[in-house]
Amino acid sequence: MAFMLKDMVKKEWRLASGHRLCPGCPAPTLVKLALMAIDYDVVVANATGCLEVSTTIYPYSAWKVPWIHNAFENAAATISGVEAAYKALKKKGKINRDIKFIAFGGDGGTYDIGIQALSGAIERGHDFLYILYDNEGYMNTGNQRSGATPTGANTTTVPVGKKSLGKLRVKKNITEIIAGHGRVYVAQASISHWQDFMNKVKKGVEYEGPAFINALSPCVRFWRVRSDQAMEVAKLGVETNYWPLYEVVDGVYKINYKPRKPKPLEEFLKIQGRFSHLFKREGGKELIEESQMEVNRRWERLLKLEEATKQS
Amino acid sequence: MIAEKTLVAITGAMASAHAMRQINPDVVAAYPITPQTPIMMNFAQFVADGLADTEVVTVESEHSAMSACVGAAAAGARVMTATAANGLALMHEIVYIAASTRLPMVMSIVNRALSGPINIHCDHSDTMAERDSGWIQIFCENAQEVYESTILAMKWAENEKVLLPVMVNQDGFIISHSVENVEILPDDVVKEFVGEHVPHEPLLDVEHPITYGPLDLYDYYFEHKRQQMEAMKEAEKEFPKIAAKLSAITGNEYDFIESYKLDDAEYVIVTLGSSAGTVKYVVDEMRETGKKVGLLKIRVFRPFPGKRIAEALNGKKAVAVLDRSASFGAEAPIYAEVKSALYTIKERPILQSYVYGLGGRDFTPDHAKTAFDRLMKGEFFEGEGYLGLRD
Amino acid sequence: MAKLKTWKEIPIGGLTEAGSSARFLTGSWRVERPIFDKEKCINCMLCWVVCPDMSIVVKDGKVTGMDLDYCKGCGACASICPVKAITMEPETKFQK
């Protein structure tokens, strides 16, 4: 299912210019690629967040497809309603075409406040794809910590101070939580590996039933990297095994990319200003080591799950 | 022409479920909560038996129920739901969004006291907390009114000049779980009355993509709110026309208010919901001994029929306004609004506020009689009185 | 800025027109401007893929330049270019 650039450039983006996301933010890139990955008519729901506010400042909208924002915690419930309406109207012969349904949410709207609605929608089996763009914090409101914020990050609600090294808890593994629902297409992707991402979008949309993609989407502003570094830092996330690219389809694991020689986590951390204190402050080194061990543990577990669920 | 009706003995909840079955909405998203649950149980059984072909979305919370209703209505579906008390409170955020996005839908509210402490019985604290949400609010006295109001509500909500969601309120347990005689219209008559749903700018019209729910800042938010105010004014204008059409089928009257032995009454009770039935009984009793008492029942609370109430109460000697909810540190909601409505009339009656029935406390004929007796004796006092409270 | 409309002139429910953000130009945000060297370009299209503002102009399968009405000057295109056909220059250089 390779996407050929020479074919892609013949198509129109389904997200318009003139949106007001920060320079260098990869979230719109993620959206435009997702919508190009499929040729279906599509209705999109969007949780409150950077992507939602910046693309639809009234009276303007960057969305060329039917789009709905309802609230912060309910993108999955909202798209459930849209999808149920589609099923009902199709059954009654009022709609004859094939339409697909996609919801976008950030990590705040997905790991935290929206997890219940998402869990419910997946358990009910609505036919939709949920794309989580994970920028690891409440970046729309100014870098507050979320359940997706990694260990050691400096945020405005768990700031670094004389007695603080930032967030100490580990990042929640929502990809595994969603995989735990069973009968669901689940994938982890990164904006840096955009062809892999597009493939997953296509698979997720084609999958009969709920699908979920967790896509790493750096916040250049609050990860404290340059506006041209989104792709670079996301790629380091993958190369360090911090962000494995994998799929779980009906409980069967498949790792899509295994770095021949994984880079140390430090390389992912040191180019980001949000971790700079870890390289200067007492206790920082230990926290990096702990984080590296967590990365190793999660990677080893993933390898074992792939092996254990291998189909003959 | 008056339709041939079938008399059945059913609960208020079943009356709601029958109305839903006959309306046959495209999507119903709901979550179980006492005392609403029998509505959804009965409706789900109708769907399971093939008597309605609705997509039932069995959501994981009321917040998601209302969220899915918003999604479904925006998509272009005819939508209904039901809830009570804490469920309505959990929906609160999205209740406002449904109205401001101008999405017609009908929600049965089985009125129950809001926590805390937790309580499952009737009062109006749940729905009164939504009175500024932009929804039309209808209150029912009995199961018959529940049935007819639900059908009327669908037509009212979807009126192209209105496009607002409607709450149909019935008192928890008192109406929802009590079996009464209810006259049911034939299915085809209801189907014809509600007609085909013609959605306004549906999301599923993919050839005409539209953006729902943008970020609306100081440049236009105010203008959108002004449109909502206008929609309520239109709702007020459209209601009599829709009511007249339903009257022509049922032979029953539908108005914003109902006057009961009010014309020559000197002492009046204003109330809404099932308590109106109790007050009617007391009015009849007291009339037998020559007391000039009457009832003004509010059927539609939003849009609030202030002028009609003022006209009806002009020249009365004294009026007791009964509230099944309280406003802590302020006047109870119905009392405050009735009082405000009377400001412009010439012969203002003396007013007394009473709070009754909180958390399902029985409202008895004695309570209504006490209220009338005090009006007649001229016993008035500061603040609200309490009916049925141990002092 | 267009004249603001009254409540009677706008659609109800906050609905708004799809794709209308194209009328809002974000080019003035730029502090750096991408300079495109057509000679060096190998038309790999990576800049077109990564541009968050859909500002890489492609005609007949070839990159022809950047749409400065929308380009916010993030530099993602220059950063991903394998042949350094795009360089970032301070915007001040182009202001008179």
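Brief notes about the overall build of chain B
Next up, step 1: When helices and strands are tallied, chain B shows 12 helices and 16 strands.
Next up, step 2: The C-alpha atoms of chain B give a radius of gyration of 21 Å, which matches the 21 Å a tight globule of 391 residues would have.
Next up, step 3: Along the first, second and third principal axes, the C-alpha atoms of chain B reach 70 × 55 × 45 Å.
Next up, step 4: When each of the 391 residues of chain B is scored for burial, the buried share is 60%.
Next up, step 5: Look at the contacts in chain B between residues 6 or more apart in sequence, and 81% of them connect residues 24 or more apart.
Next up, step 6: Approximately 15200 Å² of chain B is accessible, and the part contributed by carbon and sulfur atoms is 52%.
Next up, step 7: Computed over 36 positive and 55 negative side-chain charges, the separation of the two mean positions in chain B equals 8 Å.

Quick word on the packing of aromatic side chains
Within a pair of aromatic rings, the relevant descriptors are the distance that separates the centres and the angle that separates the planes.
Next up, step 1: A full pass over the atoms with the stated rule returns 19 aromatic pairs over all chains.
Next up, step 2: On the basis of an interplanar angle of 90° and a centroid distance of 6.2 Å, the ring pair of Trp223(A) and Phe268(A) is categorised as edge-to-face. With Trp223(A) in the loop between β8 (211-216) and α9 (230-239) and Phe268(A) in helix α10 (residues 265-270), this residue pair connects regions lying 45 residues apart in the sequence.
Next up, step 3: Residue Trp223(A) is classed as buried on the basis of its relative accessible area of 0%.
Next up, step 4: One aromatic cluster is present, formed by Trp223(A), Tyr242(A), Trp243(A) and Phe268(A) through successive ring pairs.
Next up, step 5: Positioned over the ring face of Trp7(C) is Arg226(B), at 4.0 Å from the centre of the ring.
Next up, step 6: The ring of Phe301(B) has Arg302(B) lying over it, and the distance from NZ or CZ to the ring centre is 4.8 Å.

A look at the nonpolar core
Next up, step 1: Core analysis: the largest hydrophobic core is formed by 158 residues, its most contacted members being Phe197(A), Met66(B) and Leu204(B).
Next up, step 2: Here the element with the most residues in this core is helix α4 (residues 75-91) of chain A; it accounts for 10 residues.
Next up, step 3: Among the nonpolar cores identified, the runner-up in size contains 58 residues, and Met14(B), Met20(B), Trp156(B) and Ile175(B) belong to it.

Structural notes on the side chain of Thr56(A)
Next up, step 1: Looking at where Thr56(A) falls in the secondary structure, it is placed in the loop between α3 (50-55) and β2 (67-69).
Next up, step 2: In this structure Thr56(A) touches Ser61(A), Trp63(A), Trp67(A), Thr211(B), Pro214(B) and Leu215(B), once residues within four positions along its chain are discounted.

Regarding the side chain of Thr309(A)
Residue and element names in this part refer to chain A.
Next up, step 1: Take Thr309: it is sitting in the segment after α11 (284-308).
Next up, step 2: A residue is classified by how much of its surface remains accessible, and Thr309, at 19% relative accessible area, is buried.
Next up, step 3: Setting aside anything within four residues of it in sequence, one finds Thr309 in contact with Gly251, Val252 and Tyr253.

Let's talk about the sheet that holds strand β16 (residues 384-387) of chain B
Residue and element names in this part refer to chain B.
Next up, step 1: Spatial ordering of the open sheet is given by β10-β12-β11-β14-β15-β16, a layout of 6 strands whose pairing is mixed. What marks the edges here is a single partner per strand, and that holds for β10 (257-260) and β16. With strand direction ignored, the average angle separating the axes of adjacent strands in the sheet is 25°.
Next up, step 2: Here β10 runs beside strand β12 (residues 293-298); their pairing, made up of 4 bridges, is antiparallel.

Quick word on the interface of chain C and chain B
Next up, step 1: Taken together, the contact between chain C and chain B spans 15 residues of the former and 18 residues of the latter.
Next up, step 2: When chain C packs against chain B, the two sides together hide about 1500 Å² of surface, and 67% of this comes from carbon and sulfur.
Next up, step 3: Looking only at chain C, the three residues that lose the most surface to chain B are Trp7(C), Ile12(C) and Leu15(C), adding up to 45% of its buried area.
Next up, step 4: One can count 0 salt bridges joining chain C with chain B.
Next up, step 5: Linking chain C with chain B are 4 residue pairs in polar contact (both at pLDDT 80 or more).
Next up, step 6: When the residues that make up the side of chain C that touches chain B are grouped by side-chain class, the tally is 8 nonpolar, 4 polar and 3 charged.
Next up, step 7: Pairing between strand β9 (residues 210-212) of chain B and strand β1 (residues 16-17) of chain C: 2 bridges, direction antiparallel. Note on β1(C): the bridge partner recorded for Thr211(B) is Thr16(C).

Re helix α3 (residues 62-75) of chain B
Residue and element names in this part refer to chain B.
Next up, step 1: The end-to-end C-alpha separation of α3 is 19 Å, in line with the 20 Å expected for 14 residues at 1.5 Å each.
Next up, step 2: Among the 14 residues in α3, 14 count as buried, and that is most of the element.
Next up, step 3: For α3, the N-terminal capping position is held by Ser61, with its side-chain oxygen 3.3 Å away from the main-chain nitrogen of His63.
Next up, step 4: A positive backbone phi angle near 120° is found at Gly76, which sits one or two residues after α3.

Description of the domain arrangement of chain B
Many structure descriptions define interface size as the accessible area lost when the parts assemble.
All names here are of chain B.
Next up, step 1: Split by domain assignment, chain B resolves into domain 1 (6-250) and domain 2 (257-387).
Next up, step 2: If you average the C-alpha positions of domain 1 and of domain 2, the two centres end up 28 Å apart.
Next up, step 3: Taken residue by residue, the interface counts 27 residues in domain 1 and 25 residues in domain 2.
Next up, step 4: Buried area between domain 1 and domain 2, both sides added, is near 2000 Å², and the carbon and sulfur share of it is 56%.
Next up, step 5: Summed over the shared surface of domain 1 and domain 2, the result is 6 salt bridges.
Next up, step 6: Here Lys297 makes a salt bridge to Glu141, at a shortest N to O gap of 2.7 Å.
Next up, step 7: For the side of domain 1 that touches domain 2, the secondary-structure elements that each account for two or more residues are α5 (125-128), β6 (136-139), α6 (143-158) and α8 (221-250).

With respect to the sheet that holds strand β3 (residues 55-57) of chain B
Neighbouring strands of a sheet are bound in pairs by backbone hydrogen bonds; such pairs are parallel or else antiparallel.
All names here are of chain B.
Next up, step 1: The strand order across the open sheet built from 7 strands is β3-β2-β4-β5-β7-β6-β13, with neighbouring strands paired in mixed fashion. The open sheet terminates on both sides in strands that have one partner only, identified here as β3 and β13 (300-302). Averaged over all pairs of adjacent strands, the angle between strand axes in this sheet comes to 20°, irrespective of strand direction.
Next up, step 2: Summarising the sheet, strand β2 (residues 27-29) and β3 pair through 3 bridges and their orientation is parallel. Bridging from a neighbouring strand, Val28 pairs with Val56 of β3.

Definitions and limits used
Residues numbered from 1 in each chain as written. Chains lettered and ligands numbered in written order. Predicted model: local features only at pLDDT ≥ 70, side-chain atom pairs only at ≥ 80, totals over all residues. Heavy atoms only, no water. Helix = DSSP H or I, 4+ residues; strand = E, 2+ residues; numbered from the N terminus. Rg over C-alpha atoms; globule rule 2.2 N^0.38 Å. Buried < 20%, exposed > 50% of the residue type's maximum accessible area, 1.4 Å probe, protein only. Contact = heavy atoms within 4.5 Å. Areas by Shrake-Rupley, 256 points an atom, 1.4 Å probe, with all protein chains shown as cover. Lys, Arg positive; Asp, Glu negative; His and termini not counted. Charge placed at Lys NZ, Arg CZ, Asp CG, Glu CD. Phe/Tyr/Trp six-rings, centres within 6.5 Å; stacked < 30°, edge-to-face > 60°. Lys NZ or Arg CZ within 6 Å of the ring centre and 35° of its normal. Core = buried A, V, L, I, M, F, W, Y, C linked by side-chain atoms within 4.5 Å. Pairing = 2+ DSSP bridges. Axes fitted to C-alpha atoms, helices over the stretch in contact; angles between N-to-C directions. Buried area = accessible area lost by both parts, 1.4 Å probe. Salt bridge = Lys/Arg side-chain N within 4 Å of Asp/Glu carboxyl O. Polar contact = N/O pair within 3.5 Å; in protein donor to acceptor, adjacent residues only side chain to side chain. Nonpolar A, V, L, I, M, F, W, Y, C, P; charged D, E, K, R; others polar. Expected span 1.5 Å × (residues − 1). Domains from an automatic or database assignment.

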